[in-house]
Amino acid sequence: MATETGAEEDVDLLDSFRQFFALERDVLVLSLSMLAFSLAFQMTSRYVPEYMRILGASAGVIGLYGSVGNLISAVYPYPGGAVSDRIGSRLALTAFATLATVGFGIWYLASVVGDIALGAVTLPAWTLVFVGLFLAQAWKSFGLGATFAIVKQSVPPGRLAMGFASTEVFRRIGFLLGPLAAAALLATTATFVDGFQRVLLVALACGVVATVAQHVLYDASEDTLGKSFEGIDQILADLRTMPATLRPLLVADTFVRFANGMVYVFFVIVVTEFLSVGFTGFGVQLRPDAFFGILLGVEMVVAIVSMAPVAKLTEWAGLKPAVALGFLVYAVFPLLLIFAPGDQWVLVLLFAFSGLRFAGLPAHKALIVGPAEQDAGGRVTGTYYLIRNTLVIPSAAFGGWLYGSEWAVAVGDIVIQTGPELAFGVATVVGLVGVAYFAVFGREFEAYE
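Residues numbered from 1 in each chain as written. Predicted model: local features only at pLDDT ≥ 70, side-chain atom pairs only at ≥ 80, totals over all residues. Heavy atoms only, no water.

A. Geometry of unusual backbone geometry. Of note in this structure, S276 is not a glycine but carries a positive phi near 50°. You will see that F282, though not glycine, has its phi angle at about 55°, which is positive.

Encoded structure:
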């Protein structure tokens, strides 16, 4: 708990690093293993849609892949807690880490094995990508609600945004290094598939090392991770008691995330195939797939640099403007990207702009957990994300259907055609509805008023 004296102290970015290295060994080992899986997943997941396209998947199938990922994100946390209760935290963590590692291996095998003949039925190679997805995302089943609750208990109400900025900056380091490592590996190979296989092998190695180290060194005898879930009745009770200030935020956030979900899996395909833009300069020449990793790195650098200053500004301007900024960037980026000229520097600027969507993330998290009762931060957070992620599940499938369909509708003299432009355009419209709703109905957390 923050003391009265602590309330006067700044929560600066170095706090997260100082506190991290001051952790007990058990928690330190767990944190490093989770960082390793985050790094591995970021190296691979953003490239999987391009991997599927080369393996023969249609836009509709790639969109379905995105929706399955949304489904997993929505439903995994609660079973994860139940498994932890049943077999204990240490074995549960090892089991989920093992599954994630096996998932990377199955992704690797998809291009090695190729199509699979089962009697009269032939399963396309990309089928294995779906199998791997269910496993590779297993590591995400732990920690979200607990992280929110810990920050809420440790930081004064008026400094929540800075508290979340501190932890987010550290976590995003992994998000920065993953795509850059992937870009470096892709740049050294002749084809995308060869390069991505190397990326998957590195991710697999990270998973193996982290799993073994975690199992051997981590002692969770005092850990209560996953023991707060009390079933469907608890979810319904949390829904009924959700703070009123969260409801307009949840509605707006759902619109914005649905819009992003429609096109998120297609970002890599737009850069590598639709725009087909590589990079030439500073003595290097990169294919579009390797350049995409650099663009993700640019995006994350802007995210890391901008989060703390924006979080600091919230103490003067409030949380709502920062959250609205993040929502607005989410909403307009798809339209800007799909109609961008095929110029490498324009894409660099666009992905730098995209990084600003993370600037409002600490304020967004503070606005979620701030109104919760002191001992209910984890439950409120879990309920909020369960609702939002569930409603967003079909977004990628819908976006994939628009992206890959070929039909046209005449409205007077205007002919509307499906395809990438329509999918990304509709995404921006849906996102702007969320931005407008939040601007009108969104409420400020009282500690920031």
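B. Fine view of helix α7 (residues 127-136). The buried count for α7 comes to 7 of 10 residues, which makes it a mostly enclosed element. Those residues of α7 that fall on the buried side of the exposure criterion are L128, V129, F130, G132, L133, L135 and A136. (Buried < 20%, exposed > 50% of the residue type's maximum accessible area, 1.4 Å probe, protein only. Helix = DSSP H or I, 4+ residues; strand = E, 2+ residues; numbered from the N terminus.)

C. Expanded view of the side chain of E299. Here E299 shows up in helix α14 (residues 288-317). Take E299: its relative accessible area is 2%, and that puts it in the buried class. At a separation of 2.5 Å, a polar atom in the side chain of E299 contacts the side chain of S354. Excluding residues that lie within four positions of it along the chain, E299 makes contacts with R46, F351, S354, G355, R357 and F358. (Polar contact = N/O pair within 3.5 Å; in protein donor to acceptor, adjacent residues only side chain to side chain. Contact = heavy atoms within 4.5 Å.)

D. Expanded view of helix α13 (residues 267-274). Most of α13 is tucked away, with 6 of its 8 residues classed as buried. Every buried residue of α13 is accounted for by F267, V268, I269, V270, V271 and T272. Among the residues trailing α13, S276 stands out with phi positive, at a value near 50°.

E. Spotlight on the nonpolar core. M52, Y65, W107, V129, L337, L347 and F424 are the most contacted members of the largest nonpolar core, which has 80 residues in total. The residues that make up this core include at least three from each of domain 1 (23-219) and domain 2 (233-448). What V129 contacts, discounting residues up to four positions off in sequence, is V48, Y51, M52, L55, Y65, W107 and A110. (Core = buried A, V, L, I, M, F, W, Y, C linked by side-chain atoms within 4.5 Å. Domains from an automatic or database assignment.)

F. Just the side chain of T254, in detail. Mapped onto the secondary structure, T254 falls in helix α12 (residues 246-263). Accessibility expressed as a relative area gives 12% for T254, which makes it buried. In this view, T254 contacts R388, L391 and V392; residues no more than four positions away in its chain are not counted.

G. Representation of the packing of α12 against helix α20 (residues 420-441) within the structure. Between α12 and α20, the shortest axis-to-axis distance is 8 Å and the interhelical angle comes to 165°. Classified by the angle between their axes, α12 and α20 sit roughly antiparallel to one another. Relative to α20, the crossing made by α12 is left-handed. Touching P248, L249, V251, A252, F255, V256, F258, A259, M262 and V263 of α12 are A423, F424, V426, A427, V430, G431, V433, G434, V435, Y437, F438 and F441, all from α20. Grouping the amino acids of the contact of α12 with α20 by side-chain chemistry returns 20 nonpolar, 2 polar and no charged. (Axes fitted to C-alpha atoms, helices over the stretch in contact; angles between N-to-C directions. Parallel < 35°, antiparallel > 145°, perpendicular 65-115°, else oblique. Left-handed = near helix turned anticlockwise from the far one by under 90°. Nonpolar A, V, L, I, M, F, W, Y, C, P; charged D, E, K, R; others polar.)

H. Layout of the packing of aromatic side chains. For the structure shown, the criterion picks out 23 aromatic pairs. Ring centres of F279 and W345 lie 5.4 Å apart, and the angle between their planes is 80°; on these two criteria the pair is classed as edge-to-face. Note that F279 is positioned in strand β3 (residues 279-281) and W345 in helix α16 (residues 344-354), a separation of 66 residues in sequence. Residue W345 is classed as partly exposed on the basis of its relative accessible area of 43%. Clustering of aromatic rings is evident, with ring pairs tying together Y47, Y51, F192, F196, Y264, F266, F267, F292, F333, F351, Y403 and F424. The positively charged end of K320 is found above the aromatic ring belonging to F438, 5.8 Å away from the centroid. (Phe/Tyr/Trp six-rings, centres within 6.5 Å; stacked < 30°, edge-to-face > 60°. Lys NZ or Arg CZ within 6 Å of the ring centre and 35° of its normal.)

I. Spotlight on the pattern of salt bridges. Within the structure shown, the criterion is met by 6 salt bridges. For R53, the salt bridge is made with E273, and the minimal N-O distance between the two is 3.4 Å. Taken together, the residues R53 in helix α3 (residues 48-54) and E273 in helix α13 connect sequence positions 220 residues apart. Residue R53 is classed as partly exposed on the basis of its relative accessible area, which comes to 27%. The partner of R287 in a salt bridge is D289, with the nearest N and O atoms 2.9 Å apart. (Salt bridge = Lys/Arg side-chain N within 4 Å of Asp/Glu carboxyl O.)

J. Region of interest: the packing of helix α15 (residues 319-338) against α20. One way to put it is that α15 packs onto α20 with a least axis distance of 7 Å and a crossing angle of 165°. If you check the angle between α15 and α20, you find them roughly antiparallel. The crossing of α15 and α20 is left-handed. For the pair α15 and α20, the contacting residues are K320, V323, A324, F327, L328, A331, V332, P334, L335, L337 and I338 in the first and P420, E421, F424, G425, A427, T428, G431, L432, V435, F438 and A439 in the second.

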